[in-house]
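Structural characterization, general
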Amino acid sequence: MPIARPSRSPDREPEPDGAAEAGARPDAGQDHGPTIARPAPSRQSLRGLDWFIFFLADVQTGFGPFIAVYLTTQKWTQAQIGLVLSIGGIVGLIGQMPGGAIIDAARSERRVAGLAIATIGCCALAYAAWPIFPVVAGAATLHAAASCVLGPAIAAISLGLVGPRGMAERLGRNARFASLGNGVAAAVMGTCGYLLSSRAVFLVTFILAFPTLIALSRIREREIDVARAHGQADHEDKEVARLSNLLGLLRPRALLVFALGVFLLQLANAAMLPLMAGVVTTKSSEWAPMLIAFCIVVPQAIVALTSPSVGAVAQQWGRRPLLMLGFAALATRGALFAVVHDPYVLVAVQIFDGVTAAVFAVMIPLTVADVAFGSGHFNLAQGIVGTASGIGGSLSTVVAGFASDRYGSATAFMGLSGVALTGLLLIALLMPETGQRVRRA
């Protein structure tokens, strides 16, 4: 049941960015009742969400490639490292839909997110303090499980604060701060690992959990509309009634088509950079690490610069044109990787990766919010799409690696480009424009 929101507090300031959704709506607890004003979220809450996403990206960066480096220094075998990483990957895959369902059932997304952050901080401390297999495997499991609720929690808090109309611009801002957090954290943790030890990376991750929790506490609980955060509509209509049950969420064609599109996206994208890194390393192992670093930094910079614009353009052009643009950039990148060999040009090709990343960082949660609007299962819908994404990413490296070994890297890249073109055709021919539904609502 939606809950009534309190009146504007004296210290509340309007948000100048236009990201908030204000206006009047019927009381959520009545079918026919007086309307109440829904005030804009305060600057404090919106800035708190900005910094929460920034520091969360810092925390999550510590569990990236640094795990393999650290465990290698602890005399772990590659088989043991691979097993731990596989455990985390499997838990992360099967936990997508339960994680979304937990957020839909929660009465306080902020508290669930805080518990998940505390869990991840403790996992980082466990990595640093007891690098033995049972402890590390348990920490990897808990980290993956906690991460499954954080993505839906961020999207739910964003939707609960700004509403459907402000969601596009808010998601663009989220992507910008996540990208900045990833870049800063990679630099800080890489420096700590070089100057101190690889163990220091996880101690820094544990310490960063504290500013993350402080930033989360700055988001005012009373300003998060719980019903709206779960994707419930303000007005009941026939379409909402059909979507109000769990099975009804799967009936609209848009969600299934979009989940298939995200599957094809990850199937085409996940293996491209690792495959290119392998090709480059075989040619020159000396400059390969620097080249790969630049190939990571370039897309992050583009995401940070362009993500807010993606949200604004999505409001004007609609969702489908941007989805098609993201797939077109991915297909172009794969085709260029197949024919380009100059290292400087390879870095330039990564501009297309930045375009794809900027588009889908905003468009995946935004399109899910469009499709699930009025169902009350917005976060479960995110879990469905996240599961499709995880399956595609898992298959990508296996299929591309087999194709590269059997037919050569150029053929593998062209095959990945073909998968991206298939996704483009899927969106162009079968995906309806979802933004119109939210504007009508």
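Model, not experiment: these values are computed from the prediction.

What follows is about the overall build of the chain. Summing up its helical and strand segments, the chain has 18 helices and two strands in all. The 441 residues of the chain split such that 52% are buried. Looking at the chain alone, contacts between residues at least 24 apart form 84% of all its contacts between residues at least 6 apart. Split by element, the accessible area of the chain, about 19100 Å² in all, is 68% carbon and sulfur.

To continue, consider the pattern of salt bridges. The tally for this structure, following the rule as stated, stands at seven salt bridges. Between D50 and R173 there is a salt bridge, with the nearest N and O atoms lying 2.8 Å from each other. You can see D50 sitting in helix α1 (residues 43-61) and its partner R173 sitting in helix α7 (residues 167-195), a full 123 residues away along the chain. We classify R173 as partly exposed; its relative accessible area is 23%. Where E221 meets R110, a salt bridge forms, and the shortest distance between an N and an O atom there is 3.3 Å. Residue E221 is located in the loop between α8 (198-217) and α9 (226-229), and its partner R110 is located in helix α5 (residues 109-129); the two are separated by 111 residues in the primary sequence. The class for E221 is partly exposed, based on a relative accessible area of 23%.

Inspection of the secondary structure assignment puts S417 in helix α17 (residues 409-430). Take S417: its relative accessible area is 5%, and that puts it in the buried class. It is 5.8 Å that separates the C-alpha atoms of S417 and A335, two residues lying 82 residues apart in sequence. In this structure, S417 is in contact with M272, A331, G334 and A335, ignoring residues within four places of it in sequence. Among the polar contacts made by the side chain of S417, one reaches the main-chain carbonyl oxygen of A331 at a distance of 2.7 Å.

With respect to the helices and strands, the residue K75 is situated in the loop between α2 (66-73) and α3 (78-94). Taking the relative accessible area as the measure of exposure, K75 reaches 73% and is therefore exposed. Here the alpha-carbon distance between K75 and P131, two residues 56 residues apart in the chain, equals 10.0 Å.

In a regular helix each residue adds 1.5 Å, so 30 residues correspond to 44 Å; helix α15 (residues 343-372) covers 43 Å between its end C-alpha atoms and thus fits that length. Phi for G374, located one or two positions after α15, is positive at around 95°.

Residues M276, M363 and F378 are the most contacted members of the largest nonpolar core, which totals 64 residues. Per-element accounting of this core gives the leading share, 13 residues, to α15. Core analysis: the next-biggest nonpolar cluster, separate from the first, contains 52 residues, F52, F63, I67 and A113 among them.

Mapped onto the fold, R170 is located in helix α7. Setting aside its immediate chain neighbours within four residues, R170 contacts L46, L49, D50, S158 and V162.

With that out of the way, let us pick up the packing of aromatic side chains. Applying the stated criterion to the full structure yields 10 aromatic pairs. For the pair F206 and F210, a centre-to-centre distance of 5.5 Å together with 90° between the ring planes defines the contact as edge-to-face. One end of the pair is F206 and the other is F210, both in helix α8 and four residues apart, which spans about a single turn. Exposure remark for F210: the relative accessible area of 46% places this residue in the partly exposed category. Put simply, the rings of W51, F54, F55 and F177 touch in pairs and so form one group of aromatic residues.

Let us look at a nonpolar patch on the surface. A cluster of nonpolar side chains, namely I391, L395, V398 and V399, defines an oily patch on the protein surface of about 330 Å² accessible area. Inspection of the secondary structure puts L395 in helix α16 (residues 378-407). Looking at L395, the relative accessible area reads 39%, which means it is partly exposed.

Another aspect to go through is the side chain of Q266. By the element assignment, Q266 lies in helix α11 (residues 253-269). Beyond its immediate stretch of four places on either side in the chain, Q266 contacts S389, G392, G393 and S396.

Turning our attention to the packing of α11 against helix α14 (residues 319-339). Interaxial distance between α11 and α14 falls to 10 Å at its minimum, and their mutual angle equals 20°. If you check the angle between α11 and α14, you find them roughly parallel. Considering the relative orientation of α11 and α14, their crossing is left-handed. Residues F258, G261, L264, L265, A268 and N269 of α11 form the contact with α14, whose participating residues are L323, F327, L330 and R333. Each residue belonging to the contact of α11 with α14 can be placed in one class, and the counts come to seven nonpolar, two polar and one charged.

On average, residues of the chain score 81 in pLDDT, and 82% of them reach the 70 mark or higher. For residues 1-37, every residue scores under 50 in pLDDT, and the model assigns this stretch 71 contacts once sequence neighbours within four places are set aside. Counting contacts from residues 235-244, a segment whose pLDDT is below 50, to residues more than four positions away or on other chains yields 18 contacts.

Reading the values: the criteria
- Residues numbered from 1 in each chain as written.
- Predicted model: local features only at pLDDT ≥ 70, side-chain atom pairs only at ≥ 80, totals over all residues.
- Heavy atoms only, no water.
- Helix = DSSP H or I, 4+ residues; strand = E, 2+ residues; numbered from the N terminus.
- Buried < 20%, exposed > 50% of the residue type's maximum accessible area, 1.4 Å probe, protein only.
- Contact = heavy atoms within 4.5 Å.
- Areas by Shrake-Rupley, 256 points an atom, 1.4 Å probe, with all protein chains shown as cover.
- Salt bridge = Lys/Arg side-chain N within 4 Å of Asp/Glu carboxyl O.
- Polar contact = N/O pair within 3.5 Å; in protein donor to acceptor, adjacent residues only side chain to side chain.
- Expected span 1.5 Å × (residues − 1).
- Core = buried A, V, L, I, M, F, W, Y, C linked by side-chain atoms within 4.5 Å.
- Phe/Tyr/Trp six-rings, centres within 6.5 Å; stacked < 30°, edge-to-face > 60°.
- Patch = residues over 30% accessible without salt bridge, like charges linked within 9 Å, V, L, I, M, F, W, Y side chains within 5 Å.
- Axes fitted to C-alpha atoms, helices over the stretch in contact; angles between N-to-C directions.
- Parallel < 35°, antiparallel > 145°, perpendicular 65-115°, else oblique.
- Left-handed = near helix turned anticlockwise from the far one by under 90°.
- Nonpolar A, V, L, I, M, F, W, Y, C, P; charged D, E, K, R; others polar.
- pLDDT = per-residue confidence, 0-100.

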